[in-house]
Amino acid sequence: MRGFARHVANFDPRTEVPPVGMLPGWKRAKPYVYSDAEILALLTAALALPPADGLRRWTYHTLFGLIAVTGMRISEAMGLERDDVDLDAGVLTVRLTKFGKSRLVPLHPTTRTALRDYARRRDALLGSRCASTFFVAEQGGRLLH
């Protein structure tokens, strides 16, 4: 608020700029760290999503598992393009992260296997109807937040 008031004061000298300490400070919420049991429960619940023969259950199971083992942000994982997932080299390319940078995320062999299994299911169920993103919605489009 003070920064905006200082900006406006450049154009309108009648603008009052609040003194330091008058407005409450902003405190970031403490992040919640899921326990192993909570992660397992989430992954189990994802596998129970309908329809039984659909892709949704596998999409969320794999997406949440990837987030759990890599620490990626949900937007980073959902934004992965197919070309960003190199299962042969075992690395993900996360583009345009929170601060506009890119980074490489190495994958454990078990994570590579899980991603490969998901990709096979996705391609078998949807074929050419898939979006360019790695994780897709039930009908093949992008996942929505």
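Conventions we followed
Residues numbered from 1 in each chain as written. Predicted model: local features only at pLDDT ≥ 70, side-chain atom pairs only at ≥ 80, totals over all residues. Heavy atoms only, no water. Axes fitted to C-alpha atoms, helices over the stretch in contact; angles between N-to-C directions. Helix = DSSP H or I, 4+ residues; strand = E, 2+ residues; numbered from the N terminus. Parallel < 35°, antiparallel > 145°, perpendicular 65-115°, else oblique. Left-handed = near helix turned anticlockwise from the far one by under 90°. Contact = heavy atoms within 4.5 Å. Nonpolar A, V, L, I, M, F, W, Y, C, P; charged D, E, K, R; others polar. Pairing = 2+ DSSP bridges. Salt bridge = Lys/Arg side-chain N within 4 Å of Asp/Glu carboxyl O. Buried < 20%, exposed > 50% of the residue type's maximum accessible area, 1.4 Å probe, protein only. Phe/Tyr/Trp six-rings, centres within 6.5 Å; stacked < 30°, edge-to-face > 60°. Lys NZ or Arg CZ within 6 Å of the ring centre and 35° of its normal. Polar contact = N/O pair within 3.5 Å; in protein donor to acceptor, adjacent residues only side chain to side chain.

Participant: Even after reading the chapter, I still don't get the packing of helix α2 (residues 36-47) against helix α3 (residues 56-70), so can you show me in this structure?
Facilitator: Each pair of packed helices gets described by two things: the angle between the helix axes and the distance between those axes. One can describe the packing of α2 onto α3 by two numbers: an axis separation of 7 Å at closest approach and a directional angle of 160°. As the angle between them shows, α2 and α3 are arranged roughly antiparallel. Seen from above, α2 lies across α3 with left-handed handedness. From α2, Ile-39, Leu-42, Leu-43, Ala-46 and Leu-47 reach across to α3, where they touch Arg-57, Trp-58, Tyr-60, His-61, Phe-64, Gly-65 and Ala-68. A per-class count over the contact of α2 with α3 returns 9 nonpolar, 2 polar and 1 charged.

Participant: Whenever I open this one, the sheet that holds strand β2 (residues 91-94) confuses me. Can you help?
Facilitator: Backbone-to-backbone hydrogen bonds pair the strands of a sheet. The strands run either parallel or antiparallel. The strand order across the open sheet formed by 3 strands is β1-β2-β3, and the pairing between neighbours is antiparallel. Strand pairing shows two members of the sheet lacking a second neighbour, β1 (85-86) and β3 (103-106), which therefore form its edges. When β2 meets β3, the two strands line up antiparallel, connected through 4 bridges. Among the inter-strand pairings, Thr-93 is bridged to a residue of β3, identified as Leu-104.

Participant: Is there a simple way to explain the pattern of salt bridges in this structure?
Facilitator: Scanning all chains against the criterion turns up 9 salt bridges. In this structure, the salt-bridge partner of Arg-95 is Asp-84, at a minimum N-O distance of 2.6 Å. In this pair, Arg-95 is assigned in the loop between β2 and β3 and Asp-84 in the loop between α4 (74-78) and β1, connecting sequence segments 11 residues apart. We note a salt bridge from Asp-88 to Arg-116, for which the minimum N-O separation is 3.8 Å. Of the two residues, Asp-88 sits in the loop between β1 and β2 while Arg-116 sits in helix α5 (residues 109-126), which places them 28 residues apart along the sequence. Given a relative accessible area of 26%, Arg-116 falls into the partly exposed group. A single salt-bridge network, built from bridges that share partners, covers Arg-73, Glu-76 and Arg-103.

Participant: Even after reading the chapter, I still don't get the side chain of Glu-76, so can you show me in this structure?
Facilitator: As for its position among the elements, Glu-76 is in helix α4. Residue contacts for Glu-76: discarding those within four places in its chain leaves Val-94, Thr-97, Lys-98 and Arg-103.

Participant: Explain the packing of aromatic side chains to me, please; I cannot follow it from the model alone.
Facilitator: Each aromatic ring pair is specified by the distance between its two centres and by the angle formed by the two planes. On inspection of all chains with the given rule, the structure shows 5 aromatic pairs. Summarising the aromatic geometry, the rings of Tyr-32 and Tyr-34 are spaced 5.1 Å apart at their centres and angled 90° between planes, so their arrangement reads as edge-to-face. Side by side, Tyr-32 and Tyr-34 carry an identical accessibility label, which is exposed. Each residue in the set Tyr-118, Phe-134 and Phe-135 is aromatic and connected to the rest through ring pairs, giving one cluster. The cationic tip of Arg-121 hangs over the ring face of Trp-58; the distance from NZ or CZ to the ring centre is 3.5 Å.

Participant: How should the side chain of Arg-122 be read in this particular structure?
Facilitator: Mapped onto the elements, Arg-122 comes out in helix α5. Accessibility expressed as a relative area gives 3% for Arg-122, which makes it buried. A polar side-chain atom of Arg-122 sits 2.9 Å from a polar atom in the side chain of Asp-123. Leaving out residues up to four positions away in the same chain, Arg-122 has contacts with Leu-55, Arg-82, Gly-127, Cys-130, Phe-134 and Val-136.

Participant: I keep staring at the environment of Phe-134 and nothing clicks. Help me out?
Facilitator: With respect to the element layout, Phe-134 can be found in the segment after α5. On a C-alpha basis, the gap between Phe-134 and Ala-37 in space is 27 Å, while along the polypeptide they are 97 residues apart. Apart from the residues within four sequence positions on either side, Phe-134 is in contact with Leu-80, Glu-81, Arg-82, Val-85, Leu-115, Tyr-118, Ala-119 and Arg-122.

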